Amino acid sequence: MEFVTYEVKDRVGIITISREKALNALNSQVLDELGEAFDAVDLNEIRCIVLTGAGEKSFVAGADIGEMSSLTKAEGEAFGKKGNDLFRKIETFPIPVIAAVNGFALGGGCEISMSCDIRICSENAVFGQPEVGLGITPGFGGTQRLARLVSPGMAKQLIYTARNIKADEAYRIGLVNKVVKAEVNEAGEVTVSAKDALMAEALKMAAGIASNAPIAVRNCKKAINDGLAVDMDKAIVIEEKLFGDCFETEDQKAGMANFLEKDKEKKLKVVPFANK
Ligand code: DAK
């Protein structure tokens, strides 16, 4: 693949959008390659994905404006579908996906981060939906996911004004879970760059997720996603079924036996594994 790389660290997969010259903007090829990268993840081994952009400056500066500029209505629709299919693939991916947002997350960049389960960003991150300034609406789910993630009023304000916001504001409104700063020594010199600190934090969180019972983690993702799409009466039934589904798994047996046996050593030794 030309614009997407995939590496594995223990049980965590790292997918990097690598088109730095265009600030990792999403063209059709990047969308296709991202789809291939997610399809290639070995779900028997990998328990969490970290999605990031190459370089220090930009996570994803949006859909590729050059490619979009000459699209016909039909081509625009097809491009939108390609992006939406990919973003739904990420959103419903069986294991958690953490967006490590290193810099610009504009338009399609903000949208792809919102299709991930969790967003962590570097202190230089900038989020925004600038589409109305370009004569279009957000087209990769921005009107829907931003309104659900923050609030309808805040989403409308950001989308109608096309105003970009910095990391601290994104944190304040609940768009990101955490902001990671560069590490600086007493002399004020940067000892760990914001990007390196961000990746360390994202990988630490991913490793924590990967150390938990994988069937339970997957079922939690599905319960939250599916439950949010229906009313509470139906949502609670979804949770009941996914809760029940954990029983008789080796993870559930080992996890509960460790607690009941009060065997700290054994508890430490437990390595839950997917048994279905
Ligand atoms: N597309 C293509 N190239 C981009 C790009 C983008 N979104 N963003 C940056 N680049 C390219 C620049 O053209 C430049 O290329 P060269 O000139 O060097 O060849 C290179 O990246 C470096 O950018 P700058 O020189 O502009 O760098 P600066 O530091 O000065 O500025 C910036 C950084 C992020 C503020 C600026 O590049 C910028 O404003 N970029 C555009 C941000 C933006 O508006 N993004 C939202 C795009 S709209 C839909 C489907 C999808 C969408 C909508 C509808 N349907 C089909 C319904 C999604 C829409 C969007 O995402």
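Chemist: Help me out: how do you make sense of the site of the ligand in this one?
Modeler: Neighbouring the ligand are 24 residues, the closest being Lys57, Ala61, Ala63, Gly76 and Gly108. Note that an oxygen atom of the ligand is positioned 2.6 Å from one of the side-chain N or O atoms of Lys57. One nitrogen or oxygen atom from the main chain of Gly108 is found 2.8 Å from an oxygen atom belonging to the ligand. Calculation on the ligand without its partners gives an accessible area of 1,100 Å², and the protein chains cover 60% of this total. Breaking the shell around the ligand down by element, the ones donating at least two residues are α2 (65-69), α3 (73-91) and β6 (104-106). For the shell around the ligand, the per-class residue count stands at 13 nonpolar, 7 polar and 4 charged.

Chemist: Which parts of the structure should I look at to understand the nonpolar core?
Modeler: Soluble globular proteins tend to pack their nonpolar side chains together in the buried interior. Among the nonpolar cores identified, the biggest contains 46 residues, and Leu34, Phe127 and Leu175 are the most heavily contacted of them. The element that contributes the greatest number of residues to this core is helix α1 (residues 28-40), accounting for 5 residues. Every residue in contact with Leu175, bar those within four places of it in the chain, is listed here: Cys110, Met114, Arg119, Phe127, Leu146, Leu149, Val150, Ile165 and Ala170. Counting 18 residues, the second-largest nonpolar core is a separate cluster that includes Val50, Ile118, Ile120 and Leu203.

Chemist: Whenever I open this one, the side chain of Ser115 confuses me. Can you help?
Modeler: Inspection of the secondary structure puts Ser115 in the loop between α4 (108-114) and β7 (118-122). With sequence-adjacent residues up to four places away left out, Ser115 is seen in contact with Phe87, Ile90, Glu91 and Arg145.

Chemist: For this particular structure, what's the right way to read the packing of aromatic side chains?
Modeler: Where two aromatic rings form a pair, the distance of their centres and the angle of their planes describe that pair. Applying the stated criterion across every chain yields a total of 4 aromatic pairs. Aromatic side chains Phe243 and Phe247 sit 5.1 Å apart centroid to centroid with 70° between the ring planes, which places their arrangement in the edge-to-face category. Judged by its relative accessible area of 55%, Phe243 is exposed. A relative accessible area of 32% places Phe247 in the partly exposed class. Taken together through their ring pairs, the aromatic side chains of Phe79, Phe87 and Phe140 make up a single cluster.

Chemist: Help me understand the environment of Val230 in this model?
Modeler: Structurally, Val230 can be placed in the loop between α9 (214-228) and α10 (232-246). Residues contacting Val230, with those up to four places away along its chain left out, are Ala235 and Ile238.

Conventions and cut-offs
Residues numbered from 1 in each chain as written. Predicted model: local features only at pLDDT ≥ 70, side-chain atom pairs only at ≥ 80, totals over all residues. Heavy atoms only, no water. Near = heavy atom within 4 Å. Polar contact = N/O pair within 3.5 Å; in protein donor to acceptor, adjacent residues only side chain to side chain. Areas by Shrake-Rupley, 256 points an atom, 1.4 Å probe, with all protein chains shown as cover. Helix = DSSP H or I, 4+ residues; strand = E, 2+ residues; numbered from the N terminus. Nonpolar A, V, L, I, M, F, W, Y, C, P; charged D, E, K, R; others polar. Core = buried A, V, L, I, M, F, W, Y, C linked by side-chain atoms within 4.5 Å. Buried < 20%, exposed > 50% of the residue type's maximum accessible area, 1.4 Å probe, protein only. Contact = heavy atoms within 4.5 Å. Phe/Tyr/Trp six-rings, centres within 6.5 Å; stacked < 30°, edge-to-face > 60°.

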